[in-house]
Amino acid sequence: MQINAGHIKELEDEAVFVVREAAAQFENKTILFSGGKDSAVLVHVARKAFWPAAVPFSLLHIDTGHNFEETLRFRNETATACGCELIVAKVQDSIDRGRVADEHGINASRNRAQSVTLLDAIAEYGIDAAIGGGRRDEEKARAKERFFSHRDGFGQWDPKNQRPELWNIFNGRKNIGEHFRIFPIGNWTELDVWQYIMMENIRLPSLYFSHKRKIFCRGGVYLAYADFMKLKPSEEIFEANVRCRTVGDITCTGLTISTAASVKEIIAETAASRVTERGGRYDDKRSEAAMEDRKREGYF
């Protein structure tokens, strides 16, 4: 598949403009770094936007305690390489303080608990702009986001009360205690991201490339097996060659059966896929409006 370099360059220019606007309008900025491909692209764009100066953002990672080891290694390596301060906020600390309750049972996940941990970290560090790698093509709730997405004093998102962004003029005015989520690559697609990764030779965690892993199937979704996970009597563990299309908590990150071991092969596979990127996210299957409900509570 031939890459439309002109199209990708236009997307990069747009993302650079948004990142620079965020740096100009806000005082305490951070990049929400999950260790996934979109946040890796975001860091790369930020480095290009301010080169040869240092990136004027910290990196904020919400650690559920159930992350892939590959993600944590990549997070630490990225922070070191870009010279950014790394802030790690742990869901376990929120549980210990009684801020959230840990889920139990077969379908237990800490994914929803991340919202409280994130909002507490934003308040603790006085963050007024949290820059994320969310894209409008991922999910219908994400499609409602602006580049500058306002959050009220409780960290909540109201999709019906967002500022217009005519002629790329962004309104970052806010009251004390409010903040913004910034989405520089909101107009990119999954295929755009992978083509940009190939053009710019961006490093990614090995999870994105085909590898052998112990997995099991739940509700039509392949999940990685970890020792702390409980299985239903009908669920069996087996090994297969898989890769991730999106990376998050182990309990909800769906895996794709795949032999794609290079960026070029992933681009070809993505172009032919008829399943959405988040179609394999187990947490999105909890309800029809699962993502929007979490976003209203303060989720990414």
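Residues numbered from 1 in each chain as written. Predicted model: local features only at pLDDT ≥ 70, side-chain atom pairs only at ≥ 80, totals over all residues. Heavy atoms only, no water.

### Things to note about the packing of helix α2 (residues 37–50) against helix α6 (residues 190–200)
Following both chains from N to C, one finds α2 and α6 inclined at 55°, their axes separated by 11 Å at the closest point. By the angle between their directions, the pair α2 and α6 is classed as oblique. For the pair α2 and α6, the crossing hand works out as left-handed. On α6, the residues that touch K37, D38, V41, H44, V45 and K48 of α2 are E190, V193, W194, Y196, I197 and E200. (Axes fitted to C-alpha atoms, helices over the stretch in contact; angles between N-to-C directions. Helix = DSSP H or I, 4+ residues; strand = E, 2+ residues; numbered from the N terminus. Parallel < 35°, antiparallel > 145°, perpendicular 65-115°, else oblique. Left-handed = near helix turned anticlockwise from the far one by under 90°. Contact = heavy atoms within 4.5 Å.)

### Points about the sheet that holds strand β8 (residues 221–224)
Read once around its circumference, the closed barrel built from four strands follows the order β7-β8-β10-β9, with strand pairing classed as antiparallel. For this sheet the average axis-to-axis angle between neighbouring strands, irrespective of direction, equals 70°. Here two bridges tie β8 to strand β10 (residues 254–257), and the two strands are oriented antiparallel to one another. Its bridge partner lying in β10, Y222 is registered against L255. (Pairing = 2+ DSSP bridges.)

### Thoughts on the pattern of salt bridges
In the structure shown here, the tally under the stated rule is 14 salt bridges. Residues K9 and D13 are paired through a salt bridge, measuring 2.7 Å at the closest nitrogen-oxygen approach. In this pair, K9 and D13 are both assigned in helix α1 (residues 5–25), four residues apart and thus about one turn of the helix distant. D13 sits in the partly exposed class, given a relative accessible area of 40%. Across the salt bridge formed by E200 and K48, the nearest N and O atoms sit 3.2 Å from each other. Within this pair, whereas E200 is found in helix α6, its partner K48 is found in helix α2, the two being separated by 152 residues in sequence. Taking the relative accessible area as the measure of exposure, K48 reaches 35% and is therefore partly exposed. A single salt-bridge network, built from bridges that share partners, covers K9, E12, D13, K48 and E200. (Salt bridge = Lys/Arg side-chain N within 4 Å of Asp/Glu carboxyl O. Buried < 20%, exposed > 50% of the residue type's maximum accessible area, 1.4 Å probe, protein only.)

### Describing α1
Compared with an ideal rise of 1.5 Å per residue, which puts 21 residues at 30 Å, α1 spans 30 Å between its outermost C-alpha atoms and is within 8% of the ideal. Looking only at α1, the buried set comprises I8, L11, E12, A15, V16, V18, V19, A22 and A23. The buried residues of α1 occupy an angular sector of 165° when the element is viewed end-on, so they sit on one face. Across from the buried face of α1, at angles greater than 90 degrees, the exposed residues are E10 and A24. Along its buried surface, α1 packs onto β1 (29–32), α2, β4 (129–131), β5 (148–151), β6 (179–182) and α6. (Expected span 1.5 Å × (residues − 1). Arc of directions from axis to C-beta.)

### Overview of the environment of F74
With respect to the helices and strands, F74 occurs in helix α3 (residues 69–82). F74 gets classed as buried once you look at its relative accessible area, which sits at 4%. Taking the C-alpha atoms as reference, F74 lies 9.5 Å from A40; in sequence the two are 34 residues apart. Among residues more than four places away in sequence, those in contact with F74 are F33, G35, A40, R203, L204 and P205.

### Quick notes on the environment of R245
With respect to the secondary-structure elements, R245 resides in the loop between β9 (238–244) and β10. We classify R245 as buried; its relative accessible area is 10%. In the structure, R245 is positioned 21 residues away from I266 in sequence and 9.3 Å away in space, judged by C-alpha atoms. Looking at R245, its side chain comes within polar contact range of the side chain of E190, at 2.7 Å. (Polar contact = N/O pair within 3.5 Å; in protein donor to acceptor, adjacent residues only side chain to side chain.)

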